[in-house]
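As a plain string of letters, each chain reads:
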Amino acid sequence: MKMVVVVVVVVMMMVMVSEASMIEQTCKETPDFNLCVSLLDSDPRGSSADTSGLALILVDKIKGLATKTLKEINGLYKKRPELRQALYECSRRYKTILNADVPEAIEAISKGVPKFGEDGVIDAGVEAAVCEGEFKGKSPLTSLTKSMQKISNVTRAIVRMLL
């Protein structure tokens, strides 16, 4: 009986180590290991996901950040009317991320066509960079746009593993 308990405990520990190893091994191949591990560990799906699943989790993180940024932009319209034109352009860019880039990436990764998924992920980072440039150095969105660029770069690295 003691032997059965020991075997069960050992097997459970091996499963937990392999789950952590999958995220860590995958994240080692990205430009920001700590960000990658943090994002994937924060999602309960991460512990059982394959590489494709990890990529989809990160696309969801892109979607969440784009939604948060768009809400921030909408709030800034009232607080910073002098930035109206730049905010309008950023709003367009983040709506593109939500309505085109994220759905493209999800569909492509889900269907096993990662090249098109990579395109959507790259474009999310580009849209964020263009938004940031609209402010000519005085952006109230710098933290959010830089985060989008970093998450996009990490996601791209994982999607490239699927090519």
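Values in this document were obtained by computation on a predicted structure and should not be read as measured data.

**Student:** What exactly am I supposed to notice about the pattern of salt bridges here?
**Tutor:** If you walk through the whole model with that rule in mind, you get ten salt bridges. Between Asp119 and Lys115 there is a salt bridge; the shortest N-O distance is 3.3 Å. Of the two residues, Asp119 and Lys115 both sit in helix H5 (residues 114-133), four residues apart, roughly one turn of that helix. On the basis of relative accessibility, which here comes to 42%, the residue Lys115 falls in the partly exposed class. Because the salt bridges share partners, they merge into one network encompassing Lys115, Glu118, Asp119, Arg156 and Arg160.

**Student:** What is the right way to look at the environment of Thr155 in this model?
**Tutor:** Checked against the element boundaries, Thr155 lands in helix H6 (residues 142-160). Take Thr155: its relative accessible area is 0%, and that puts it in the buried class. For the pair formed by Thr155 and Val121, sequence separation is 34 residues and the distance between their alpha carbons is 6.9 Å. The contact partners of Thr155, leaving out residues within four places of it in the chain, are Ala55, Leu58, Val59, Ile62 and Val121.

**Student:** Sorry if this is basic, but what is going on with the nonpolar core here?
**Tutor:** In globular proteins that are soluble, nonpolar side chains generally tend to be buried together. Among the nonpolar cores identified, the biggest contains 40 residues, and Leu40, Ile62, Tyr94, Ile97, Phe135, Leu141 and Met148 are the most heavily contacted of them. Counting residues per element, the ones that place at least two in this core are helix H1 (2-27), helix H2 (33-41), helix H3 (51-79), helix H4 (84-110), H5 and H6. Broken down by element, the residue count for this core peaks at eleven residues, all from H3.

**Student:** Explain the packing of H2 against H6 here, please?
**Tutor:** Relative to each other, H2 and H6 sit at 85°, their axes nearing to 10 Å. Considering the angle they form, H2 stands roughly perpendicular to H6. Of the residues in H6, those in contact with Leu35, Cys36, Leu39 and Leu40 of H2 are Lys150, Ile151, Val154 and Ile158.

**Student:** Honestly, the state of the cysteines in this entry has me stumped. Any pointers?
**Tutor:** Working definition: the covalent bond between the sulfur atoms of two cysteines is a disulfide. All told, the structure shown has two disulfides when counted by the stated rule. One disulfide bridge connects Cys27 with Cys36, the sulfur atoms lying 2.0 Å from each other. Taking the torsion about the sulfur-sulfur bond, which here is approximately -70°, the covalent link between Cys27 and Cys36 counts as left-handed. The exposure class assigned to Cys27 is buried, which follows from its relative accessible area of 0%. Across the disulfide, Cys90 is cross-linked to Cys131 (sulfur-sulfur distance 2.0 Å). Here Cys90 and Cys131 share a disulfide; its torsion about the S-S bond, 100°, makes the bridge right-handed.

Conventions used here
Residues numbered from 1 in each chain as written. Predicted model: local features only at pLDDT ≥ 70, side-chain atom pairs only at ≥ 80, totals over all residues. Heavy atoms only, no water. Salt bridge = Lys/Arg side-chain N within 4 Å of Asp/Glu carboxyl O. Helix = DSSP H or I, 4+ residues; strand = E, 2+ residues; numbered from the N terminus. Buried < 20%, exposed > 50% of the residue type's maximum accessible area, 1.4 Å probe, protein only. Contact = heavy atoms within 4.5 Å. Core = buried A, V, L, I, M, F, W, Y, C linked by side-chain atoms within 4.5 Å. Axes fitted to C-alpha atoms, helices over the stretch in contact; angles between N-to-C directions. Parallel < 35°, antiparallel > 145°, perpendicular 65-115°, else oblique. Disulfide = S-S within 2.5 Å.

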